[in-house]
Amino acid sequence: MSTVTIDHISKSFGESLVLKEINETFQDGEFVTLLGPSGCGKSTILRIIAGFEKPTSGNLYIDDQLVTGGKTFVPPEKRGIGMVFQSYAVWPHMNVFDNVAYPLTIKKVSKSEIKKSVEQVLEITHLTQYADRFPSQLSGGQQQRIALARAMVAAPKLLLLDEPLSNLDAKLRESMRFEIKEIQKKTGISVVYVTHDQSEAMTMSDRIFLIHRGVVQQSGTPVEIYDTPKNQFVADFLGKVDFFKGEAGNGRIVFPAMDGQSVAYDGPLTGKVDVGIRPENICFSPDGELQGVLETQYYLGDVDDCRVRAGDTLIRVIANGYEYHSLKEGQQIRMAVRSFMVFEDDGSLDQMLKIRT
Amino acid sequence: MDKEKHGQTNQQKDPTALITKIGLAAVFLLGVLLIFLGIRAQRDFASSGFSTENAYQVIYTLSRDVENAWQKSVKPGLNDLSDSEKASLDEIVVGLLKDAAESQSKGAGAEAEADARSADESENYKLLYTTYLVNGPKVPASGRKVITAMSEQEASDFRSKLLHCVLDEALPLPDEAEKLAGSLTGSERQAMLMQIFFVSGGSADAKITENVNNLKKTVRSKESQLTAFRMIAQGNVSWLWQLIISSSRTVILLGIILMFDTVLLALLMSAEKLWVLDIKWILILLIVDFLLYFQLLPLLFILFRAVFPDGTFTMEVLRRLFTYPLNQVALRNTFIAATATMILGTAIAFPLAWLVGRTNLYGKKFFRFLFVVTYMVPPYVGAMAWLRLMNPNVGSINLWLRTLFHLSDAPGPLNVYTIPGMIWVLTTFYYPYAFITISRAMEKMDPSLEEASRISGASPLKTVFTVTLPMMTPSLISGALLVFVSAMSCYGIPSIIGKPGNVNTVTTRIVEYVALGQQGLNDATALSVVLMLVALIILFISDFVLARRQYITVSGKSVSPAIVHLRSWRIPLTVIVSLFAVIMVLIPFITILNTSFKVDVGKNVWAPGNFTLANWTTVFSRAETMGCLKNSLIYASIAATVGLVIACVMSYLLQRTQLKGRKIPSFLITLGSGTPSVVIALGLIMTMRGNFGLNIYGTAYIMIIAYMIKYLMMGMRTVVSAMSQIHVSMEESSQISGASWLTTMRRITGPLILPSIAAGWFLIFIPCFYELSMTTLLYSSTTKTIGFQLYEYWTFTSQPMSCAMAFGILIFVLLLNLLLNRLTKGEFSI
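Computed from a prediction, not measured in an experiment: that's the story for all the values here.

### Things to note about the overall build of chain B
Here is step 1 of the chain: From N to C terminus, chain B includes 35 helices and zero strands.
Here is step 2 of the chain: Counting over 830 residues, chain B shows a buried share of 40%.
Here is step 3 of the chain: A separation threshold of at least 6 residues defines the contact pool for chain B, and within that pool the share at least 24 residues apart is 80%.

Below, the structure written as structure tokens:
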């Protein structure tokens, strides 16, 4: 299928620099997700790939062919890309069939060919029975699928999706995730997917690019990026995490704020550190290294969300829901930490959420 | 919020509901009683042999007799006059008119003097009427220029001879009329006769119409007085009964209103299941009553009169639309002009809207302001400017073209006094309507709809044709229809450009016909029916059919349309648009200013001795101008203020309550704004002269009401949209903080919508301030407005002076527009 090479691309709107020297390659057949909070620049990257924005500097290659850069600019319609917009952008004056057939009619494909391709793609997107309807007669989820069908009908090498699920309700959003992933697997198309929803990214992606303030903070598989975040921001953006200040040395990390309790550590860092612990990675255990007083617990059915006081610090523990019945608020309790992340504490302003800039 | 309120009151429902029901029943019965009394009174009145109805009939028969007598005895005599004698008669009349105008402008100081003058004037008008009969409905322009050949003595002899035969000998009165006439004093008799005369009168001359209107008013008020005195003199009725008799129709009207309101109220209350008299109800009823009586009744009456011209059913009136040549021509001209204006205007507006809204043209904001501002300029000002520019003899453009192409001094090549000329001027004034509609839709269109087409492989041009244009179609059509309706209903432009060139349209004909007695009124009615029906059908299409097909999806997020880069076309296109702006906006405005400093309009302003400030000083120092200006300011302020109160109530009802009937008044208001001005005015003339219980004909009220009906919508739309943008939760959170409804309105809602309220006020005020079409039909000598004064100056007095006045109005309107812009931070500059 298609590779995308982003070569030192920067983009600024007036004074504000929204992308800083992005330099990445998306592999052939890969499902890539650009993840980040709103305003991080992820949509801008997508629109640069599509050709709706021009970068201030840098080059963009699709399949090793220069499409944006220097004096070269291939307009969107010449790039052979499929794209799904956040608002779906389904044309209200055409019925479903015509909407989907549009990219083929532009290419002047024969009528019978068009009919065949459109029917095929409508089949994949479960829209066959709606072919004659107009978009206003269809639900949001169905309109979304029209947009998807239209983006895929011409069998593009590359599919761009700009927060395609953000306007759907929660249940539908979840089922569409799997549908999109299924379709991608079946067709083997390269996908660039933009979202701010981490679970969407985790479900579908081969690789996630976590972007913040116009910089790729980290890229990697969902497992890599969740388990070994490169900095505090990444750790914080994906999943829940609490940070504790500690002192590393002699094979242990001491937490002064927890009355000097400590955990074993065999990593390379020494001196002041930030320790990030995901609440689901602590469990109550009689031979745990840490101890404290169980202050509150919230029973959520599947889990028991607890706060344990150790010295001046509150530690959040997400325990098994079953444990709720055997625990009492105010009791002394011991905790074992299954895994944690250690970052250098450089004392800068962004020390808690260290960001690559 | 209302539900909670309802919940509270429901607890104490029983006693209140009972009281309310009893109260409603009592008011209903009072209404029945009033109707009963009114009908009794009318019967008594009729049996007394002196009802107003009878008086009118007598006068009507009389008028025909007089007409006959006149045709038989006086006219032949006049026909014997030689051409030169006729010409001199013209001259005398013109001279008399001038005298009258001058004595008028000297200031209406002493009442006695005014009285004396009016007696004198009536003679003048009789004379003028005479010349009209001699020369046909038009006093030839030559009549104003020819020098009198008749001596002072001859003239006065001739005049007294005419008067003599009109007033005494030529009038063998029928018995009833003799009796009636006998009971009148000399001046009353004269007034009555004058009325008789002009009921069948034959001229649309503004001066005459004005005087006729005055006379009619005087005679009518005299009649009711006379009736009352007569009844009292008979001595067998109390003063109260007397009062009821003399205003029986008003009493019946009041009764009907009371009955109608209580029934409506009962229906609404039972629908809401809440029997509490709320201030809301009173307000909604007042608005509904107002609209039904002043808007719906006149319109329905016009329809009724078209098929029942004198009480019996006939299609004759409507048939005359196709058989009477004048009607045919007017309809054809209007249709041709409106259609051409629509096509031309839309063809101009679409590319402009696209260039200004969706490309990187230089100076987009400035151009937008410039094109939108035309919307605020009175159309007749533009007409005056183009008339000066394209006058076949001395128009600046013609002079320039002749020099450029070395043409002869023959008139032309361009002639504004033609249908194409009129179409051009209409286009320059109405393309902004399409421009505004189209560019609004363009800005609201989700840009990803076009991007989706690009990414599907379509080029930018292909995208315009397959996506942008089809998506714009509903707005394009509704913009075009708006231009059609506006051009069709326009009076200002055809009255200034069409009439001198003998290009009559439906609106100019209606205004002309109104003064032409029974047949004229019939023709005016028929033309109005056509105008009204076409306008309302178009209103229906664009408001209810097209609006549903609007593809514009207003999403929550702000949409910034994708800008098309024009590249090498950027400069040439900017130049073209600038040229267009210069031709459409700058040149006309400069022409007006330029003309206002001229002594002789035909010469260059810098020609020796041709530059003068006198036009400005004369116009703006005249008491009459100042009076008209004062009238305009007062009427427009009242219309805007009352209109805005209605608008606020309506937007509260529409946006914040679930009342069942709340859409009715808003529908009526939409209907009113869609009805052509001339039709509104004609409807009011036909129904507000006492025949439906209220006689406000010739007063300021009728004008203010007409303005409100036409322009209320402008204010309402503004306030409604402002209110819809304030989420109810803002009011609810104020209530939950402990504020009462009133405090919430004062502290939260009020301040939030205040800019829009101010904007709404100006949006009603501005068009009312310079209004012409309705004023032409509704004014009387004491209620002239600045727009009408300008028109009179243009037609009868001096073009440079009226240009000075026009430029003054223009500056005033532009300043108001800037103020409006400031107030609303640019959101409502139109």
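Text resumes after the structure shown.
### Quick look at the overall build of chain A
Here is step 1 of the chain: Of regular secondary structure, chain A possesses eight helices and 21 strands.
Here is step 2 of the chain: With respect to the principal axes defined by its C-alpha atoms, chain A has extents near 75 × 50 × 30 Å.
Here is step 3 of the chain: Relative to its 357 residues, chain A shows a buried fraction of 40%.
Here is step 4 of the chain: For chain A, the share of sequence-separated contacts (at least 6 apart) that also reach a separation of at least 24 residues comes to 65%.

### Topic: the domain arrangement of chain A
Residue and element names in this part refer to chain A.
Here is step 1 of the chain: For chain A, the domain assignment lists domain 1 (4-235) and domain 2 (240-344).
Here is step 2 of the chain: When each unit is reduced to the centre of its C-alpha atoms, the spacing between domain 1 and domain 2 is 40 Å.
Here is step 3 of the chain: In this complex, domain 1 contributes four residues to the contact, which on the side of domain 2 involves six residues.
Here is step 4 of the chain: Residue composition of the side of domain 1 that touches domain 2, grouped by class: two nonpolar, two polar and no charged.

### With respect to unusual backbone geometry
Residue and element names in this part refer to chain A.
Here is step 1 of the chain: Residue Asp63 is not a glycine yet carries a positive backbone phi of 55°.
Here is step 2 of the chain: By C-beta crowding, Asp63 is classed as partly exposed, having 15 other C-beta atoms within 10 Å.
Here is step 3 of the chain: Notably, Glu163 is not glycine yet its phi reads approximately 40°, a positive angle.
Here is step 4 of the chain: Tracing the sequence through the fold places Glu163 in the loop between β8 (158-162) and α5 (170-187).
Here is step 5 of the chain: Judged by local crowding, Glu163 falls into the buried class, with 20 C-beta atoms found within 10 Å.

### Observations concerning the interface of chain B and chain A
Here is step 1 of the chain: Counting residues at the interface gives 17 residues for chain B and 17 residues for chain A.
Here is step 2 of the chain: Among the elements of the structure, α20 (447-455) and α21 (460-489) of chain B are those that each provide at least two residues to the side of chain B that touches chain A.
Here is step 3 of the chain: In terms of residues, the side of chain B that touches chain A owes the most to one element, α20(B), which gives six residues.
Here is step 4 of the chain: Residues that form the side of chain B that touches chain A fall into these classes: eight nonpolar, five polar and four charged.

### Focus on the environment of Lys186(A)
All names here are of chain A.
Here is step 1 of the chain: Mapping Lys186 onto the fold places it in helix α5.
Here is step 2 of the chain: For Lys186, a count of 9 C-beta atoms within 10 Å translates into the label exposed.
Here is step 3 of the chain: Taking the C-alpha atoms as reference, Lys186 lies 43 Å from Ala336; in sequence the two are 150 residues apart.

### Observations regarding the pairing of strand β9 (residues 190-195) of chain A
Residue and element names in this part refer to chain A.
Here is step 1 of the chain: Across the six residues of β9, six count as buried, placing the element largely inside the fold.
Here is step 2 of the chain: Taking every second residue as pointing to the same face, both faces of β9 are buried, with Ser190, Val192 and Val194 on one and Val191, Tyr193 and Thr195 on the other.
Here is step 3 of the chain: In this sheet, β9 lies alongside strand β3 (residues 31-35) in parallel orientation, the contact comprising five bridges. Counted as the bridge partner of Leu34 is Val194 from β9.
Here is step 4 of the chain: In the sheet, β8 pairs with β9 via five bridges, with the strands oriented parallel.

### A look at the sheet that holds strand β7 (residues 81-84) of chain A
Residues and elements named next belong to chain A.
Here is step 1 of the chain: With respect to topology, six strands assemble into an open sheet ordered β7-β8-β9-β3-β10-β11, the strand pairing being mixed. Unpaired on one side and paired on the other, β7 and β11 (215-220) mark the two borders of the sheet. Between one strand axis and the next, the sheet turns through 15° on average, direction left out of account.

### A look at the packing of helix α27 (residues 623-656) of chain B against helix α34 (residues 786-797) of chain B
All names here are of chain B.
Here is step 1 of the chain: Orientation of α27 relative to α34, taken along the N-to-C sense of each, is 145°, at an axis distance of 8 Å. Here Thr625, Cys628, Leu629 and Ser632 of α27 come into contact with α34, specifically with Ile786, Gly787 and Gln789.
Here is step 2 of the chain: Of the residues belonging to the contact of α27 with α34, the class tally is three nonpolar, four polar and no charged.

### Digging into the nonpolar core
All names here are of chain B.
Here is step 1 of the chain: Of all hydrophobic cores here, the largest spans 254 residues; its most connected members are Met384, Leu682, Ala706 and Ile764.
Here is step 2 of the chain: Sort the elements by how many residues they give to this core and helix α30 (residues 700-724) lands first, with 17 residues.
Here is step 3 of the chain: Aside from chain neighbours lying at most four places away, what touches Leu682 is Ile302, Ile510, Val514, Ala524, Ser528 and Leu777.
Here is step 4 of the chain: By size, the runner-up hydrophobic cluster in this structure holds five residues, among which are Leu34, Ala41, Ile244 and Ile252.

### What to know about the confidence of the model for chain A
Here is step 1 of the chain: This prediction gives chain A a mean pLDDT of 87; 96% of its residues lie at or above 70.
Here is step 2 of the chain: Put simply, α5(A) is where chain A has its lowest mean pLDDT, 85, and β3(A) is where it has its highest, 94.

### Some points on the sheet that holds strand β17 (residues 290-299) of chain A
Residues and elements named next belong to chain A.
Here is step 1 of the chain: Strand order in the open sheet formed by five strands is β16-β20-β17-β18-β19, and the pairing between neighbours is antiparallel. Strands at the two margins of the open sheet, each flanked by one partner only, are β16 (282-284) and β19 (313-320). Taking each pair of neighbouring strands and ignoring which way they run, the sheet shows an average axis angle of 45°.
Here is step 2 of the chain: Note: β16 against strand β20 (residues 332-337), three bridges, orientation antiparallel. Bridge assignment links Phe284 to a residue of β20, and that residue is Met335.

### Focus: helix α25 (residues 570-595) of chain B
All names here are of chain B.
Here is step 1 of the chain: Along its 26 residues, α25 runs 36 Å from first to last C-alpha, staying within 8% of the 38 Å computed at 1.5 Å per residue.
Here is step 2 of the chain: Approximately 40° is the largest bend angle found in α25, and it occurs at Val582.
Here is step 3 of the chain: All buried positions along α25 are accounted for by Val577, Met584, Pro588, Phe589, Thr591, Ile592, Asn594 and Thr595.
Here is step 4 of the chain: At its buried positions, α25 is contacted by α15 (325-358), α16 (364-373), α17 (379-390), α18 (396-405), α19 (419-444) and α35 (799-823).

### A word on the environment of Thr776(B)
Residues and elements named next belong to chain B.
Here is step 1 of the chain: Summarising the element assignment, Thr776 is placed in helix α33 (residues 773-778).
Here is step 2 of the chain: Residue class for Thr776 comes out buried when judged on the 26 C-beta atoms lying within 10 Å of it.
Here is step 3 of the chain: Remark: the alpha-carbon pair of Thr776 and Thr670, spanning 106 residues in sequence, is separated by 23 Å.
Here is step 4 of the chain: Discounting chain neighbours no more than four positions away, the residues touching Thr776 are Tyr491, Val511 and Phe788.

### Brief notes about the environment of Leu407(B)
Residue and element names in this part refer to chain B.
Here is step 1 of the chain: Mapped onto the elements of the fold, Leu407 is located in the loop between α18 and α19.
Here is step 2 of the chain: Separated by 377 residues in sequence, Leu407 and Lys784 place their C-alpha atoms 44 Å apart.
Here is step 3 of the chain: Setting aside residues up to four positions removed in sequence, Leu407 forms contacts with Leu401, Arg402 and Pro413.

### Observations concerning the packing of helix α2 (residues 96-106) of chain A against helix α4 (residues 140-152) of chain A
All names here are of chain A.
Here is step 1 of the chain: Viewed as axis vectors pointing N to C, α2 and α4 meet at an angle of 30°, and their least axial separation amounts to 7 Å. For the element pair α2 / α4, the angle class is roughly parallel. Viewed along their axes, α2 and α4 form a crossing whose handedness is right-handed. Residues Val96, Asn99, Val100, Tyr102 and Pro103 of α2 lie in contact with α4, whose contacting residues are Ile146, Ala149 and Arg150.
Here is step 2 of the chain: By residue class, the composition of the contact of α2 with α4 is six nonpolar, one polar and one charged.

### Considerations on the confidence of the model for chain B
Residues and elements named next belong to chain B.
Here is step 1 of the chain: Mean pLDDT over chain B stands at 73; residues scoring 70 or higher make up 70%.
Here is step 2 of the chain: Low pLDDT (under 50) marks residues 228-235, which in the prediction has eight contacts with non-local residues, meaning those over four places away or in another chain.
Here is step 3 of the chain: With pTM at 0.71, the complex prediction returns an ipTM value of 0.77.

Thresholds, definitions, all that
- Residues numbered from 1 in each chain as written.
- Chains lettered and ligands numbered in written order.
- Predicted model: local features only at pLDDT ≥ 70, side-chain atom pairs only at ≥ 80, totals over all residues.
- Helix = DSSP H or I, 4+ residues; strand = E, 2+ residues; numbered from the N terminus.
- Buried ≥ 20, exposed ≤ 12 C-beta atoms within 10 Å, placed from the backbone.
- Contact = placed C-beta atoms within 7 Å.
- Domains from an automatic or database assignment.
- Nonpolar A, V, L, I, M, F, W, Y, C, P; charged D, E, K, R; others polar.
- Pairing = 2+ DSSP bridges.
- Axes fitted to C-alpha atoms, helices over the stretch in contact; angles between N-to-C directions.
- Core = buried A, V, L, I, M, F, W, Y, C linked by C-beta atoms within 7 Å.
- pLDDT = per-residue confidence, 0-100.
- Expected span 1.5 Å × (residues − 1).
- Bend = angle between axes of the 7 residues up to and from the residue.
- Parallel < 35°, antiparallel > 145°, perpendicular 65-115°, else oblique.
- Left-handed = near helix turned anticlockwise from the far one by under 90°.

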